Structures are given as structure tokens and as C-alpha cells.
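Below are the chains, spelled out letter by letter.
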Amino acid sequence: MTGPREQFRPEGHENEHFLLTSVVGSYPKPKWHDRAKELFEDPDADFGETEWAESKDDAAKLITEEHEECGLDTVCDGEMRRNEMVEYFAELIDGYEFNGRVKVWGHNYFDKPSIESEVEYGEEWLVDEYKFAASVASRPVKVPITGPYTLARWAFNEAYETTEDATYALADLVNEEIERLVDAGAKYIQIDEPALAQYEDDHAIVGEALERIVDGIPEDVRIGLHVCYGDYSRIYPEMLDYPVHEYDLELANGDYEQLDVFKNDEFTKDFAMGVVDAHVAEVESVEEIKANIKKGLEVVPPEQLTVSPDCGIKLLPREVAYGKMENMVQAAREIEAELDAGEIDVVAGAPASADD
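Residues numbered from 1 in each chain as written. Predicted model: local features only at pLDDT ≥ 70, side-chain atom pairs only at ≥ 80, totals over all residues. Heavy atoms only, no water.

**Digging into the overall build of the protein chain**
Move 1: When its secondary structure is counted, the protein chain shows nine helices and twelve strands.
Move 2: Taken against the 2.2 N^0.38 rule, which gives 21 Å for 356 residues, the C-alpha radius of gyration of the protein chain at 20 Å falls within 12% of a compact globule.
Move 3: Looking at the protein chain as a whole, 54% of its 356 residues are labelled buried.
Move 4: Contacts in the protein chain between residues far apart in sequence, at least 24 positions, make up 74% of those at least 6 positions apart.
Move 5: Approximately 15,400 Å² of the protein chain is accessible, and the part contributed by carbon and sulfur atoms is 43%.
Move 6: Averaging the coordinates of the 31 positive side-chain charges in the protein chain and doing the same for the 84 negative ones gives two points 3 Å apart. (Helix = DSSP H or I, 4+ residues; strand = E, 2+ residues; numbered from the N terminus. Rg over C-alpha atoms; globule rule 2.2 N^0.38 Å. Buried < 20%, exposed > 50% of the residue type's maximum accessible area, 1.4 Å probe, protein only. Contact = heavy atoms within 4.5 Å. Areas by Shrake-Rupley, 256 points an atom, 1.4 Å probe, with all protein chains shown as cover. Lys, Arg positive; Asp, Glu negative; His and termini not counted. Charge placed at Lys NZ, Arg CZ, Asp CG, Glu CD.)

**Examining the pairing of strand 8 (residues 246–249)**
Move 1: In strand 8, alternate side chains face the same way, and those of Glu 246 and Asp 248 on one face and Tyr 247 and Leu 249 on the other are all buried.
Move 2: Pairing geometry for strand 7 (residues 222–227) and strand 8, over four bridges, is parallel. Paired with Leu 225 across the bridge in strand 8 is Tyr 247. (Pairing = 2+ DSSP bridges.)

**A closer look at the packing of aromatic side chains**
One pair of aromatic rings is described through two measures. These are the centre distance and the angle between the planes.
Move 1: By the definition in use, this model includes 13 aromatic pairs.
Move 2: Pairwise contacts between aromatic rings join Tyr 232, Tyr 236, Tyr 247, Phe 262, Phe 267 and Phe 271 into one cluster.
Move 3: The aromatic ring of Tyr 199 is capped on one face by Arg 153, whose charged end is 3.8 Å from the ring centroid. (Phe/Tyr/Trp six-rings, centres within 6.5 Å; stacked < 30°, edge-to-face > 60°. Lys NZ or Arg CZ within 6 Å of the ring centre and 35° of its normal.)

**Comments concerning the environment of Ser 138**
Move 1: Residue placement: Ser 138 occurs in the loop between helix 4 (127–136) and strand 4 (142–146).
Move 2: On the basis of relative accessible area, Ser 138 is assigned to the exposed category, the value being 66%.

**What about the environment of Asp 111?**
Move 1: Residue placement: Asp 111 occurs in strand 3 (residues 108–120).
Move 2: Separated by 143 residues in the primary sequence, Asp 111 and Gly 254 place their C-alpha atoms 28 Å from one another.
Move 3: In contact with Asp 111, other than residues within four places in its own chain, are Glu 87, Phe 98, Gly 100 and Arg 101.

**Some words on the packing of helix 1 (residues 31–40) against helix 2 (residues 49–70)**
Move 1: Interhelical geometry of helix 1 versus helix 2 gives an angle of 160° and a closest axis separation of 10 Å. The angle between helix 1 and helix 2 places the two elements in the roughly antiparallel class. Where helix 1 crosses over helix 2, the two elements pack in a sense that is left-handed. Residues Trp 32, His 33, Ala 36, Lys 37 and Phe 40 of helix 1 form the contact with helix 2, whose own contacting residues are Glu 49, Trp 52, Ser 55, Lys 56, Asp 58, Ala 59 and Leu 62. (Axes fitted to C-alpha atoms, helices over the stretch in contact; angles between N-to-C directions. Parallel < 35°, antiparallel > 145°, perpendicular 65-115°, else oblique. Left-handed = near helix turned anticlockwise from the far one by under 90°.)

**Considerations on the sheet that holds strand 9 (residues 270–276)**
Move 1: Pairing within the open sheet is parallel, and its seven strands lie in the order 1-10-9-8-7-6-4. Single-partner strands in this sheet number two, and they are strand 1 (20–21) and strand 4.
Move 2: Where strand 4 lies against strand 6 (residues 188–192), five bridges are found, and the strand directions are parallel. By the bridge assignment for strand 6, Lys 142 is matched with Tyr 188.

**What about unusual backbone geometry?**
Move 1: Tyr 236 connects to Pro 237 through a cis peptide bond whose omega is 10°.
Move 2: Residue position: Pro 237 is located in the loop between strand 7 and strand 8.
Move 3: The phi dihedral of Asp 255 falls on the positive side, at around 55°, and the residue is not glycine.
Move 4: Residue position: Asp 255 is located in the loop between strand 8 and strand 9.
Move 5: Positive phi is not limited to glycine here, since Tyr 256 has a value of about 60°.
Move 6: Inspection of the secondary structure assignment puts Tyr 256 in the loop between strand 8 and strand 9.

**Let's talk about the nonpolar core**
Move 1: Trp 125, Ile 189, Ile 191, Phe 262, Phe 267, Phe 271 and Ile 293 are the most contacted members of the largest nonpolar core, which has 107 residues in total.
Move 2: In terms of residues, this core owes the most to one element, helix 6 (residues 163–183), which gives ten residues.
Move 3: Excluding residues that lie within four positions of it along the chain, Phe 271 makes contacts with Tyr 247, Leu 249, Leu 251, Leu 259, Gly 296, Val 299, Val 300, Gln 304, Leu 305 and Thr 306. (Core = buried A, V, L, I, M, F, W, Y, C linked by side-chain atoms within 4.5 Å.)

**Some thoughts on a negative patch on the surface**
Move 1: A surface patch of negative charge is lined by Asp 46, Glu 51, Glu 54 and Asp 58.
Move 2: Tracing the backbone shows Glu 54 in helix 2.
Move 3: Residue Glu 54 is classed as partly exposed on the basis of its relative accessible area of 48%. (Patch = residues over 30% accessible without salt bridge, like charges linked within 9 Å, V, L, I, M, F, W, Y side chains within 5 Å. Salt bridge = Lys/Arg side-chain N within 4 Å of Asp/Glu carboxyl O.)

So, in C-alpha cells, the structure goes:
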């Protein structure tokens, strides 16, 4: 499944080589937007639906434009309208119910839902979000959407015999949503499956779910799969059979200890490698990020490499998140120029200095 990648090369791109730069999804919310949410949820505050909608629009516009200022080739609104990656969708899908907050890690909690009855597609999930971001963006908008396996695994299942059954039912709903996104103009969809590398022997379930998700989706729509946490050796190289164009993987946080997993078998799809750490509130230097990008060139040639952060970066201070994205783009452009100049030789997937 070859990826429709060149459509995201900006007009007038200065280098012959092109390393696609992107974000995973979430981004720090402006403090005033968090305050607006508090007011909206306060029954005593004079802050209603109209004001809350305005805050969401303003925040989405601001972050979309911030991504463009960083120079990213594809942008999103930083998920300004979403609360949590499972909770948000569970609130929109008929069949889910909520029973209280659950501690997930550190001091972070989320309302873990239960699947109480067969899931059904009700209102649209992300179409309005996409349309608004596309209306204020001058660059292509990427749409992250939580995948069906994670939506099933990270919920209590009271309605289906198995996680597999729940996953397939949810996959059909994701397919319907993507069809609507494509009708609205979306060309870059990312399926988020952080649960995938956490469990053994379920890669075949995810593969079948993805087959359902992409059924009827045009070939020029780029489909990515984001996986973070866990042990990638559980799913590689089997995951290369999935019907997606790109794999977006968290590696910087683990200091690339798992990079060798992807060298034993040829990486035949596009490799969106995390080159900045989403969990460290320090901005990596351009030189550090360039060194990380070169690690990606040990796995795939430049035409298959996408440069991105490890994961969503919503938990970072906003100025740190911006600095990471800005330096990431600068590093990618410098690596492109060095490739153009022949200063980096990529031989059998392994980069070496031309002076070596």
C-alpha cells in the first residue's frame, strides 16, 4: 500500500528531498480556554453554549495557526474541542455509559466508560472540527481519531462476548466517520491505537479492524497508524500487513532502545518516527533532533521517513511544545539540505557521513 505522500509537499519547497513533518494530535490548551471550560461547567457562571463555542473556535484557530508558524507540513487544531482520547468518542457513540473516574498513571484520571449495549453511530464525531480547522489553515489538516481496538480495550465491555467483537463493531463506526471526513475534504487520517503494543497476540484483531476501517476509502487518502507505549516486537513485522500507509511510533522517550526491532525485517511502509520526547519539558536542540532523524534513516530511506513528536504533547507547557515543533521542522529542513548536497549517504538504510 504505497502512500499518497507528495500531495503534502508545500508549494515552493526549497529542497529536493522532502521529509514530511507532522504532529500526532493533542497540543497544550491555552490557559484562557481551560478557564472558559471551568466557567461553562459552573452552573452559577453566566457563560453558556455560545460563549463556550466561541472559546473552542478561538482556541482551534490559534493552535492551527501556531502549527503553521512552526512550519509544519500538515497541521491540526491540537484537539482543542476534545477532553480525552477515549472519553471524547464514548460520549458521542450510542452504547457507552460512564460510571466515574479511574486513575490511569501519575496524577492523571479519566472517566473510563462501559460499553453497556451494542454500539451505534449517532452524531458526527469530527467533521465540524475538521471543517473549521481546514477553513483557517493554509496547509493540509491531519485528523487523529482513536481506533476501535483502544476504544474497546480501554472501556469496560458489558455488551459483547469478546474484545474482538467489540472492536469490529466499533471499526464499522470509525469507517462511517472517515467516509464523512473524506466527503468533507480530509486527505490525512491517523488512527490512534496506543493499546496495540500493550497486549500480546491481538495484532490480527487490529489488522481485521483496519481492513473494515479503510473499506471504500479512496487510495489518495493517507491513512496512518499511531502506536505508543508497549513492546513493538509483539507486533513487528506482522503489522506491516496492515492496510495503512504510515506507522507513527514513539521512540525518543525510550532513547531508541527499540529501534533495532525494525531493522531485522525491511520496513516497507512509511515510518513516522518520534524525534522529540513528548514527556520531557525541555526543548531539544536542532542538532539533537537531527541526530534523531538520522536514526530513522537507519530504518528507511528519506522518501519513507516522516518526522513527528513521540506522541500528543498536551501535557507540556505551551512554549515548550512550540519550541519542540519549531526545532523539529528546522532539523528536518537541514537534513533535507544535507541529503541534497550529498553530505549524508544513505546506503542500505544506514546513514553515514560523506567524509567517512
